[in-house]
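# Notes for the structure review
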Amino acid sequence: MKIYMDTCCYNRLFDDRSNIKNYLEREAVLLVLELIYEGQVEIIGSDVLVKEMLAIKDVMKRKRIHAIYRNCVLENVFADSEVIRRAKEISKIAGTTSFDSLHLAISEKNAEVFLSTDIKLVKASKRIDLAVKVMNPIEFIMEVTENE
């Protein structure tokens, strides 16, 4: 199964764990990373993710996130003209930001599941018919481990 995680999933690993939502999502992202090493899922990355990660102001956090990204991404894809066209369409219908629309368009073309800890983005994705399943990492882990 191919998965695309947006930047907030990678960021969640370094967020304040005293917030229960952050803590649970962090644990879910760690479990996704474990699934990668077990060969159960493949992570797709993109030039858009890298660009967004480079904008992280905290240099140490940026380096750590990028190191995790490099170690878990199997394939790095690029936003071509088809993706950009689709991202504009998504943004217009769902009201998402440019980065979020690009992430959705890239994942739609290259993955089966798109993971995000951004509740607004997950809700916005429901306003448009997408060829990718959009989920919070907790929801994803619950679904893939349901039969264990």
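Above this text is the structure in question.
The following refers to the structure shown. (Residues numbered from 1 in each chain as written. Predicted model: local features only at pLDDT ≥ 70, side-chain atom pairs only at ≥ 80, totals over all residues. Heavy atoms only, no water.)

### What to know about a nonpolar patch on the surface
Among the surface-exposed residues, Ile20, Tyr23, Leu24, Ile138 and Met142 lie close enough to one another that they form a single nonpolar patch of about 480 Å² accessible area. Mapped by element, the contributors of at least two residues to the nonpolar patch are helix 2 (20–37) and helix 8 (137–144). Tallying contributions element by element places helix 2 first for the nonpolar patch, with three residues. Along the chain, Tyr23 falls in helix 2. (Patch = residues over 30% accessible without salt bridge, like charges linked within 9 Å, V, L, I, M, F, W, Y side chains within 5 Å. Areas by Shrake-Rupley, 256 points an atom, 1.4 Å probe, with all protein chains shown as cover. Salt bridge = Lys/Arg side-chain N within 4 Å of Asp/Glu carboxyl O. Helix = DSSP H or I, 4+ residues; strand = E, 2+ residues; numbered from the N terminus.)

### Thoughts on the pattern of salt bridges
All chains considered together, the criterion is met by 12 salt bridges. With its nearest N and O atoms 2.5 Å apart, the salt bridge here joins Arg12 to Asp15. One salt-bridge network, held together by shared partners, links Arg12, Asp15, Lys21, Glu25 and Lys61.

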